[in-house]
Amino acid sequence: MGKKIVFLLASLFTVWIANGQNTIIKGIVTDSITGEGLPYVSLIFKGTTIGTATDGDGNFSFSASTGVKNLEVSYLGYDTKEVKIIPGKTNNLKIKLAPNGIALNEVVVKPKKEKYSKKENPAVKFVKQVIASRESNDPRNHDYFQYDQYEKMVFAMNDYHPKPKKNGKPGKFDFLIDFVDTLDVGTTILPVSEKEKVESVYYRKEPKSEKRIVKGNKSSGVDEIFSRDGIQQFLNEVFREVDIFKNDIPLFLQRFVSPLSTIGPNYYKYYLLDTLNVNGQKCVDLGFVPFNSETFGFTGHLFVTLDSTFFVQKAILNVPKDINLNFVSGMTIEQTFERTPDSTRIITKDDINVNFKLSEKSKGMYARRLNIYSNHSFDEPDAERALVFKESAPVITLKDAYQQSEDFWTSNRPEEAIKKNPNSVEKLMAKFRSVPIFYITEKVVSILVSGYIPTNKDPLKSKFEFGPMNTAISGNAIEGARFRVGGTTTTAFSKNLFFDGYMAYGTKDEKLKYDALVEYSFNDRKEYRKEFPLNSIRLEYMYDINQLGQQYMYASKDNMFLAWKRQKDTRATYLRQAELTYYHEHYNGLAYGAVVRNRREYATEYAVFDRIGPDGTISPVKSYDMTELELKFRYAKDEKFYQTRNLRYPITFDALIFNLSHVMAKKDLLGSSYDYHRTDIGIQKRFWFSAFGYIDLITKAGKVWNKVPYPLLILPNANLSYTIQPESYTNMNAMEFISDEYASWDLTYYMNGNLLNRLPLVKKLKWREVFCFRGMWGHLTDKNNPVNGGDGLYLFPDGSYTFGKAPYMEASVGIENIFKFLRLDYVWRLNYRDHPGIQTKGVRFMMRMSF
């Protein structure tokens, strides 16, 4: 026992001695100008691998038993700094990092802690001169401008360290250690997606045109389950090329205020810091930070030449740590510029590094989008290259762009984009797929994302796919439980000819419904039948229910997530319809088409057709027939959307969208029961107020010109679900109002947290305000009002009304970004509140993840 006690005491003494020699280092790393904490800064004892990285706020704390006295602190875009520490002691450090590659000459003005003032501030006067000169050296002032661009996007698991083996047994994913890469700042990452693109850009001033020729494009990684072109479109909007010389900087589908915006002096605090030497030019280091760090602005530095040109040599931008931006825990943008002999500004590098986090505790993801620009020229292109301006597409992809050899990428890849680890993401994905659990998981996720089940193990060889799966089971008041099975051919079957359809059955009405479609595309499809630009002819025949007064513009009508209703959706008929459609879309935003449609609509007990005779007698009608010609016109220049097999999900609403349609029919021609003319027009646009949010405006108007029964009149779009649906009325019942002419509006203001960000405790939740005001003015002319005893009209169903002199109106106040994905609105119906069976107020929700 005595020996055991001696051994225990000796052990405790040894541990105490070891702990006594430990060096404890803790503190914070900040930007030397703005004072913002810098996330994921590398701190390593010089000459060793011992160290750590700062957290999302720049804080760090660790201990080590080493005699090394020098701590290296490094971060992308900043000078590496050596800090002396005292071994065996606790070191509380406050480390300030300065921008890299800069030699300090002299201090001009240092920002002080006194109250900031814009009045007679030399920094404000200086930045106004920079803003005033920003247009004079724009390269697009030249008649022609062309350059080559290399782009690389990398997504990786951040701060990745392989887990140690359990009991010495090999693991399924031990191979991951072979693919770990190290950033310049010392952080280890595991790349899981990589994209590279090489293109040439051609610009012409008069008539204005810009074309891109993609010479090489390759991608690989875990995001292969998404649409290749769709995900590229999305990433192009999320990681837009940053132009600091504009008022707004579109990034992460938001609008950031540029430090060189015309409203910059009212939004940013500016400081003249140092005079520096940048690439042989004497420059001023102009620091800036937003007045309100929660809004969409930047902190950072502009390095401006000390001459009459006020030329920006370099820019470094960071996001404030308190910014109301989801999932982004840190971001650095670095840009470099060169000046031509005629003082034109050309960009040579645009480098964005982002750290993403779903939560504070997760390590998150690392992303980098690197653009390198070269071979700038202002010469008029030769006759062969000038032909590019005659192409209709803004982006022309060469046929072999997706099959370029490795030699092509080696010769076109800049040195800055070369990985330290030669193993590629393609090899990583091959290794992943050799593990059964990953292979199965990838297949399941692919089905959930696409909504379709392939019939071949290789998706590229699958000629037919079952789906969409989210419509397999749904329900409504007429059909009860609705079961549906369908599918479509793919581009593996044909790039031009497609077959699509479904069969559905309701347990309550016990009727079989169906839809069959054949479409021929005049241009080859790459992935989907409906991908942009359409140029096709389609024949479709269907028999299904028709829910009157309910239009599903952003989802399928039998989507299972819309089955939960606030009231019974019995306002429905059965519809048998055949359509022959031609539709053509152009890259310039123009689209037009024509539809020949033959339809027979059947009455139900919920929507009866009680026809008024010449003598005023009422007789039930089982159905009516129409053969119509519909002409469509649409203009949507620069519209951005994510394309799936059946739907287009808008990425942004920035584009002006204009719609015009006219439907016509002649009584007794091909069986039509009535003369019919209907015209509709619509305009949609998003208006940005820089960092103060944006407004989405949708306006529509239309008129039915003839005397027709109520199913052919204007039935406002009522939303009977508890979800928030654009272009629909939240508190209106289906077929509550009937008219033959209308004008409607849907106005939604997203404030991006500008009010809530100012409340001390609430601002930590990063909630954002949403205000809506929508309504519809309608009128029913005497000729279509059955109250006047019109011959041939149908009596309106019970619960249907005409509009009075006032438009129908409703408003809502909401909060979005709850838990980063939930939006809750409280809605009010402002008038026509005396109608029975209505809901005058309520709560609605939407699930949407956004930055």
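Criteria and thresholds
- Residues numbered from 1 in each chain as written.
- Predicted model: local features only at pLDDT ≥ 70, side-chain atom pairs only at ≥ 80, totals over all residues.
- Heavy atoms only, no water.
- Pairing = 2+ DSSP bridges.
- Helix = DSSP H or I, 4+ residues; strand = E, 2+ residues; numbered from the N terminus.
- Axes fitted to C-alpha atoms, helices over the stretch in contact; angles between N-to-C directions.
- Salt bridge = Lys/Arg side-chain N within 4 Å of Asp/Glu carboxyl O.
- Buried < 20%, exposed > 50% of the residue type's maximum accessible area, 1.4 Å probe, protein only.
- Phe/Tyr/Trp six-rings, centres within 6.5 Å; stacked < 30°, edge-to-face > 60°.
- Lys NZ or Arg CZ within 6 Å of the ring centre and 35° of its normal.
- Polar contact = N/O pair within 3.5 Å; in protein donor to acceptor, adjacent residues only side chain to side chain.
- Contact = heavy atoms within 4.5 Å.
- Arc of directions from axis to C-beta.
- Core = buried A, V, L, I, M, F, W, Y, C linked by side-chain atoms within 4.5 Å.
- pLDDT = per-residue confidence, 0-100.

Trainee: Quick rundown of the sheet that holds strand 1 (residues 23-31)? Include the residues and the values.
Mentor: The 3 strands lie next to each other as 4-1-7, forming an open sheet whose pairing is mixed. The outermost strands of the open sheet, each flanked by one partner alone, are strand 4 (59-64) and strand 7 (90-97). Averaged over all pairs of adjacent strands, the angle between strand axes in this sheet comes to 20°, irrespective of strand direction.

Trainee: Quick rundown of unusual backbone geometry? Include the residues and the values.
Mentor: Cis geometry is adopted by the peptide bond preceding Pro 207, which originates at Glu 206 and carries an omega value of -20°. Structurally, Pro 207 is set in the loop between strand 11 (188-204) and strand 12 (209-221). The residue after Gly 467, namely Pro 468, is reached through a cis peptide bond having omega -5°. Here Pro 468 is to be found in the loop between strand 24 (464-466) and strand 25 (473-476). The backbone of Asp 668 shows a phi angle near 70°, a positive value even though the residue is not glycine. Following the sequence through the fold, Asp 668 ends up in the loop between strand 37 (657-665) and strand 38 (676-688). Backbone geometry places Lys 766, a non-glycine residue, at a positive phi of 60°. Relative to the elements of secondary structure, Lys 766 occurs in the loop between strand 40 (741-750) and strand 41 (768-779).

Trainee: Give me the lowdown on the pattern of salt bridges, citing residues and values where you can.
Mentor: The final tally for this structure, using the stated rule, is 43 salt bridges. Of the charged contacts in the structure, one is a salt bridge between Lys 218 and Glu 406, with a shortest N-O distance of 3.6 Å. Highlighted residues: Lys 218 in strand 12 and Glu 406 in helix 6 (residues 406-412), separated in sequence by 188 residues. The class for Lys 218 is buried, based on a relative accessible area of 19%. Classification of Glu 406 as partly exposed rests on a relative accessible area of 43%.

Trainee: Lay out the sheet that holds strand 6 (residues 81-84) with the relevant residues and their values.
Mentor: If you trace the 4 strands from one edge of the open sheet to the other, you get 3-2-5-6, paired in antiparallel fashion. Of all the strands in the sheet, just strand 3 (51-53) and strand 6 have a single pairing partner and so form its edges. Taken over all neighbouring pairs, the strand axes of this sheet differ in orientation by 20° on average, direction set aside. Bridge count between strand 5 (residues 70-74) and strand 6: 4 bridges; the pairing is antiparallel.

Trainee: Quick one: what's the story with the packing of aromatic side chains, residue by residue and with numbers?
Mentor: What characterises a pair of aromatic rings is the spacing of the ring centres plus the angle enclosed by the ring planes. Per the stated rule, a full pass over the model turns up 43 aromatic pairs. On the basis of an interplanar angle of 80° and a centroid distance of 5.7 Å, the ring pair of Phe 175 and Phe 432 is categorised as edge-to-face. Taken together, the residues Phe 175 in the loop between strand 9 (144-158) and strand 10 (181-182) and Phe 432 in helix 7 (residues 425-433) connect sequence positions 257 residues apart. An identical accessibility class is assigned to Phe 175 and Phe 432; each is buried. Taking 6.1 Å as the distance between ring centres and 90° as the angle between the ring planes, the aromatic pair formed by Phe 689 and Tyr 749 counts as edge-to-face. Here Phe 689, found in the loop between strand 38 and strand 39 (694-704), pairs with Tyr 749, found in strand 40; they are 60 residues apart in sequence, far enough to count as distant. Exposure remark for Phe 689: the relative accessible area of 38% places this residue in the partly exposed category. Connected via pairs of aromatic rings, a cluster forms that spans Phe 609, Tyr 624, Tyr 674, Tyr 710, Tyr 794 and Phe 796. Its guanidinium or amino end placed over the ring of Tyr 203, Arg 140 lies 5.3 Å from that ring's centre, counting from NZ or CZ. The ring of Tyr 574 has Lys 511 lying over it, and the distance from NZ or CZ to the ring centre is 5.3 Å.

Trainee: Can you tell me about the side chain of Thr 336, naming the residues and giving the values?
Mentor: Here Thr 336 shows up in strand 19 (residues 328-339). Only 2.6 Å separates the side chain of Thr 336 from the side chain of Thr 348, close enough to count as a polar contact. Aside from chain neighbours lying at most four places away, what touches Thr 336 is Gln 313, Lys 314, Ile 346, Ile 347, Thr 348 and Lys 349.

Trainee: Could you give an account of the side chain of Thr 344, naming the residues involved and the relevant values?
Mentor: Along the chain, Thr 344 turns up in the loop between strand 19 and strand 20 (345-356). You can call Thr 344 buried: its relative accessible area is 5%. In this structure the side chain of Thr 344 is engaged in a polar contact, spanning 2.9 Å, whose partner is the side chain of Asp 342. In this structure, Thr 344 is in contact with Asn 137, Asp 138, Pro 139, His 142, Phe 311, Glu 338, Arg 339 and Phe 378, ignoring residues within four places of it in sequence.

Trainee: So what's going on with helix 2 (residues 122-132)? Which residues, and what values?
Mentor: What helix 2 keeps buried is the set Ala 123, Val 124, Phe 126, Val 127, Val 130 and Ile 131. For helix 2, the arc enclosing every buried residue in end-on projection is 160°, short of the 170-degree limit, so these residues lie on one face. More than 90 degrees from the buried face of helix 2, the exposed residues found are Lys 125 and Ala 132. Elements that come into contact with the buried residues of helix 2 comprise helix 4 (264-267), strand 15 (268-278), strand 16 (281-290), strand 17 (299-305) and strand 18 (312-318). The N-cap residue of helix 2 is Asn 121: its side-chain oxygen and the backbone nitrogen of Ala 123 are 2.9 Å apart.

Trainee: Residue-level account of the nonpolar core, with values.
Mentor: Grouped burial of nonpolar side chains is what soluble globular proteins tend to show. Counting residues in each nonpolar core, the largest one holds 54 residues, and the members touching the most others are Phe 239, Ile 244, Phe 252, Phe 256, Phe 298 and Met 331. The biggest single contributor to this core is helix 2, with 6 residues. Grouped together as the second largest cluster of nonpolar side chains are 32 residues, Met 735, Phe 737, Phe 796 and Tyr 832 included.

Trainee: So, the pairing of strand 11: which residues are in play, and what are the values?
Mentor: Taken across its 17 residues, strand 11 has 17 buried, putting it largely inside the fold. Of the strand pairs in this sheet, strand 9 and strand 11 are connected by 15 bridges, and their pairing is antiparallel. Bridge pairing in strand 11 links Ala 156 to Pro 191. Of the pairings in the sheet, the one linking strand 10 to strand 11 comprises 2 bridges and is antiparallel in character. Across the sheet, Asp 181 pairs through a bridge with Ile 189, a residue of strand 11. Relative to strand 12, strand 11 runs antiparallel, the two sharing 12 bridges.

Trainee: Give a description of the confidence of the model for the chain that names residues and reports values.
Mentor: Confidence along the chain averages 85 in pLDDT terms, with 91% of residues attaining 70 or more. The low-confidence segment residues 1-20 (pLDDT under 50) makes 1 contact with residues lying over four places distant or belonging to another chain. For residues 101-114, every residue scores under 50 in pLDDT, and the model assigns this stretch 27 contacts once sequence neighbours within four places are set aside.

Trainee: How would you explain the pairing of strand 43 (residues 822-829) if you had to name every residue and give the values?
Mentor: Where strand 42 (residues 808-818) meets strand 43, 7 bridges bridge the pair, whose relative direction is antiparallel. Looking at the pairing, Val 813 lines up with Tyr 826 of strand 43. Taking the residues between adjacent antiparallel strands as the criterion, strand 42 and strand 43 are bridged by 3 residues, where Phe 819 takes a positive phi near 55°. Pairing between strand 43 and strand 44 (residues 841-847): 7 bridges, direction antiparallel. Bridged to Leu 824 within strand 44 is Phe 845.

Trainee: Can you break down helix 7 residue by residue, with the values?
Mentor: Along helix 7, the residues classified as buried are Val 425, Leu 428, Met 429 and Phe 432. Axial view of helix 7: buried residues confined to an arc of 95°, hence all on one face. Those residues of helix 7 that are buried lie in contact with strand 11, strand 12 and helix 8 (436-450).

Trainee: Report on the environment of Val 127, specifying residues and quantitative values.
Mentor: Inspection of the secondary structure assignment puts Val 127 in helix 2. Judged by relative accessible area, which is 0%, Val 127 ranks as buried. Distance in space between the C-alpha atoms of Val 127 and Asp 248 is 16 Å, their sequence separation being 121 residues. Here Val 127 is in contact with Pro 259, Leu 260, Pro 265, Tyr 270 and Leu 286, once residues within four sequence places are set aside.

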